[in-house]
Structures are given as structure tokens and as C-alpha cells.
Amino acid sequence: MKKAFAYLILWFSISSAFAQTTSNISESIYRSFYNETITIKPDNPDKVIKRRYGIFIDTTQNSVFYRNLEERIDLDDYYQSIVFRHCRDFKASKQMKELWSFKDDTLYNSLPKKWFEAQELNGKTYIFCPKTIKGHYSFHLTDSTIVITKGEGPETHFIKSVKKFQNSIIIDCFQGSKFTVKFLDERTKLAIWKIEDTRYERGVIFRLSVPVSSFKYYNMIVNHSAEDKVPDDLIFDEIDYENLLSFTGKMKARF
């Protein structure tokens, strides 16, 4: 009982202070990352933002920065051509006419199709809009594949099976990679992604991720500074992924 209570405390610290109500206002108010307040006109934010305000917290949840981030993590024509080539080569190597499709799989379809990594800061969850997208994970799901990008060439994983284990979704791929997705919040679909693959240095990576369709529920930390002045390597909270994944009880976020 004490162990379960400790897990719940850990979970509440991860999921506190999520959504805020969006209101129609003529000017958007941003709380600075450095605890100052600035007013930015939404029609031309670049004109108002000064260099010293390069990193700030966007509380509007519907700004140009949200839209810009969504566009930047889309698979452009070049990336799509690479994924197409991966699919062609994989089918040829396996002598398959078509990839295995999971478009009618109810469990698989419970997963949103486009994700981006989230961050924790002082016990609150944020979307981080970096200056450059390189090194930041996004996940793109199709009927047959999971495509991982981090600002460079995409990794294409071909789905072999989808199953439920306890309160997680397990996706095994033909290449031997394995994805574990555990929802932390049913409303926003905030989830832990665990990717096991021998290609990675330690054989596994974890990411706290949120669907792009749920960006509207979260405030955003924006790096809008000159790239050579403020790099994207900000220090966020460390998350005990293994403890959250091993907890088998029912989780419910507090708002």
C-alpha cells in the first residue's frame, strides 16, 4: 500500500497544472522564463520580442509558436521519400507484396498518429519549442510503420504485432525493435514512450511525449533567442520512467 501511494505521489507531481482555459484577448501575455512578464502582439511577435527575452513561457496555447512547431515536425516531401524508400527496400528483403497493416486494429488505433516529446519543469508538464528541432524526438504512426525523427534522417520501424500488457500498449517490429506506450493521462494522452533497439547506445531510450493534437492543453517553453546566444540544452526535471512504467494501478491526473 505504501509503495502504491509513493507511485501516486510521483504521478501527481508529473501531471499537475495541465490545462488552462483559452480566452480571446487582443494581446497575448507570456510569462518569461526568467520570471518577468512581457506583452507580445500576436500579429507580429518577432517585432516585440527582445533578445534578452529569448526564452519564455507561452501561456496562450494557440500562438504562432505552437503552429510553427507543428509544421516543423511534419514529415516533409524529402523525409517522406526516404520513408517510401525504406518501405520499398523492406518489402523486397522480406519478399512481401504489401506491409502488414493495422488500420483495423482497435488497440493500435487508440494511439494518436503524431507525437512530440514533452518536458517537466518544477513538477509541471510543458511542450518545449526549441530553436532547432535536431535532437528532439517526434513519432509518426501509419497503418504499418512507426517513424521516429529527431531533426535528421527518419528511422522507419515496421510493425509486426500490437498487444496490451497490463496498462501499456506493446508494439513489436520486424527489425527487433520494441515500443512500449503507457498513457499517463486519458484526457490529453500524455504518455511515456519506451523504445528498445540494439542500435541505441544503451539499447533503450525513454521519452515523455504528447500528441500534437493535445498541444492545446499545455503551456509551451519557447526558445526564440539567437541560436548562438541561448542553445537548446536547457536543464529540465529528471523523470523516473521505470517507476512510472512499473506501476500497475489506475492513474488519474489532477487538474
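Residues numbered from 1 in each chain as written. Predicted model: local features only at pLDDT ≥ 70, side-chain atom pairs only at ≥ 80, totals over all residues. Heavy atoms only, no water.

## Focus on the side chain of S209
- Following the sequence through the fold, S209 ends up in strand β12 (residues 204–211).
- Not counting the four nearest positions on each side in its chain, S209 is found in contact with W115, F116, E117, A118, F139, K189, L190, A191 and W193. (Helix = DSSP H or I, 4+ residues; strand = E, 2+ residues; numbered from the N terminus. Contact = heavy atoms within 4.5 Å.)

## Remarks on the pairing of strand β4 (residues 114–121)
- Counting buried residues in β4 gives seven out of eight residues, a clear majority hidden from the surface.
- Across three bridges, β4 lies against strand β6 (residues 138–141) in antiparallel orientation. Within β6, the residue paired with K114 across the bridge is H140.
- In terms of strand pairing, β4 meets strand β5 (residues 124–129) through four bridges, oriented antiparallel. (Buried < 20%, exposed > 50% of the residue type's maximum accessible area, 1.4 Å probe, protein only. Pairing = 2+ DSSP bridges.)

## A look at the pattern of salt bridges
- Throughout the structure, instances matching the rule amount to six salt bridges.
- Measuring nitrogen to oxygen at the nearest pair gives 2.3 Å for the salt bridge that ties D74 to K114. Of this pair, D74 sits in the loop between α3 (64–72) and α4 (77–94) while K114 sits in strand β4, and the two are 40 residues apart along the sequence.
- D89 is the partner of R88 in a salt bridge, and the nearest nitrogen-oxygen pair spans 3.3 Å.
- Assessed through its relative accessible area of 45%, R88 is described here as partly exposed.
- A network of salt bridges, in which partner residues are shared, links E155, D197 and R199. (Salt bridge = Lys/Arg side-chain N within 4 Å of Asp/Glu carboxyl O.)

## Examining the confidence of the model for the protein chain
- Averaged over every residue, the pLDDT of the protein chain is 79; residues scoring 70 or more account for 72%.
- When the criterion is pLDDT under 50, residues 250–255 qualifies, and its contacts beyond four places in sequence or with other chains add up to 19 contacts. (pLDDT = per-residue confidence, 0-100.)

## Quick word on the packing of aromatic side chains
- Here the structure, examined in full by the defined rule, presents 12 aromatic pairs.
- Taking 4.0 Å as the distance between ring centres and 5° as the angle between the ring planes, the aromatic pair formed by F90 and F158 counts as stacked. Here F90, found in helix α4, pairs with F158, found in strand β8 (residues 155–165); they are 68 residues apart in sequence, far enough to count as distant.
- Assessed through its relative accessible area of 9%, F90 is described here as buried.
- Through a chain of ring-to-ring contacts, the aromatic side chains of W115, Y137, F139, F179, F183 and W193 assemble into a single cluster.
- A cation sits over an aromatic face here: K113 above Y108, 5.4 Å from the ring centre.
- Here K189 stacks its cationic end above the ring of F183, 4.9 Å away from the centre of that ring. (Phe/Tyr/Trp six-rings, centres within 6.5 Å; stacked < 30°, edge-to-face > 60°. Lys NZ or Arg CZ within 6 Å of the ring centre and 35° of its normal.)

## What about the nonpolar core?
- Counting residues in each nonpolar core, the largest one holds 26 residues, and the members touching the most others are L69, I127, I192, L208, F215 and M220.
- Mapped by element, the contributors of at least two residues to this core are α3, β4, β5, β12, β13 (220–223) and α6 (241–246).
- In this view, L69 contacts F116, I127, F128, C129, P130, I133, F215 and M220; residues no more than four positions away in its chain are not counted.
- Residues Y137, I148, I169 and F183 belong to the second largest nonpolar core, which totals 22 residues. (Core = buried A, V, L, I, M, F, W, Y, C linked by side-chain atoms within 4.5 Å.)

## Notes on the environment of K164
- Inspection of the secondary structure puts K164 in strand β8.
- Since its relative accessible area comes to 59%, K164 is described here as exposed.
- With 56 residues separating them along the chain, K164 and Y108 place their C-alpha atoms 9.6 Å apart.

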